[in-house]
Amino acid sequence: MTSRTTADKSKPFFPLAGLARDGWSNEDEATATCFCGAVQLAFPTQGPGLVGTFICHCPDCHKITASMFASNFTVADTHLKHLRGRDNLKTFSQNITIIDGHTMTNYFCSTCGSLMYRVGSAFPGMSILRIGTVDDFHLHETKLKPTVEQYIEYRESWLGAVEGLKQVEGSSL
Ligand SMILES: [Zn+2]
Ligand SMILES: [Zn+2]
């Protein structure tokens, strides 16, 4: 078995991760699938459809991920495809967020709870997907590698800055 550190990152890599076995990636597009496999999206892996990639340390992302930060990428809605399970997505909206007065809506799988994307009234025409739901794990390190860390004023002191990433207080979007 090839080790993760020496593997050719230009080749797809689909580890055992949830129930779906039909994730894929090609030159221009790849899939993101929820943990149970009911919801599957396809998205572009380059611009203009792929708008940006970032790590977010904001308080919302702490709660949403039940962890310390979120790893996100932004896709133009014109380029986002729902391959299956769109009617299995539930939404949760609220407007008491880090960006005051703007509504943020979470779209999550109603079966397994995976958060697939967020949509915000402050960011019209785009959806904010989660890098961790992308089936080809090598894309996490290549085309989808974050370029920015934002809301770094909320980053835990034991968590260092990622080398080479732009460091931004507040929103980078
Ligand atoms: Zn699911
Ligand atoms: Zn955030």
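Residues numbered from 1 in each chain as written. Chains lettered and ligands numbered in written order. Predicted model: local features only at pLDDT ≥ 70, side-chain atom pairs only at ≥ 80, totals over all residues.

By the naming in an unreviewed UniProt entry, the chain goes by Mss4-like protein and is assigned to Rhodocollybia butyracea. Taken verbatim from the UniProt record of the chain, the Sequence similarities (unreviewed entry) comment is "Belongs to the Gfa family." (UniProt positions renumbered as here; feature names shortened; annotations may be inferred.)

Secondary structure assignment for the chain yields 1 helix and 11 strands. In the chain, the order of α-helices and β-strands from amino to carboxyl end is β-β-β-α-β-β-β-β-β-β-β-β. At 16 Å, the chain has a C-alpha radius of gyration in line with the 16 Å of a compact globule built from 173 residues. With respect to the principal axes defined by its C-alpha atoms, the chain has extents near 45 × 40 × 30 Å. (Helix = DSSP H or I, 4+ residues; strand = E, 2+ residues; numbered from the N terminus. Rg over C-alpha atoms; globule rule 2.2 N^0.38 Å.)

What follows is about the pairing of strand 4 (residues 70–76). In terms of burial, strand 4 is a largely internal element, 5 of the 7 residues being buried. Judged from the 6 bridges that link them, strand 3 (residues 50–56) and strand 4 form a sheet pairing that is antiparallel. Within strand 4, the residue paired with Ile 55 across the bridge is Ser 71. Here strand 4 runs beside strand 9 (residues 126–130); their pairing, made up of 5 bridges, is antiparallel. Paired with Val 75 across the bridge in strand 9 is Ser 127. (Buried ≥ 20, exposed ≤ 12 C-beta atoms within 10 Å, placed from the backbone. Pairing = 2+ DSSP bridges.)

Let us look at the sheet that holds strand 11 (residues 166–167). One open sheet holds the 8 strands; their spatial order is 6-7-8-9-4-3-10-11, and the pairing between them is mixed. What marks the edges here is a single partner per strand, and that holds for strand 6 (89–94) and strand 11. As paired strands, strand 3 and strand 10 (residues 148–150) are joined by 3 bridges and run parallel to one another. Across the sheet, Ile 55 pairs through a bridge with Glu 149, a residue of strand 10.

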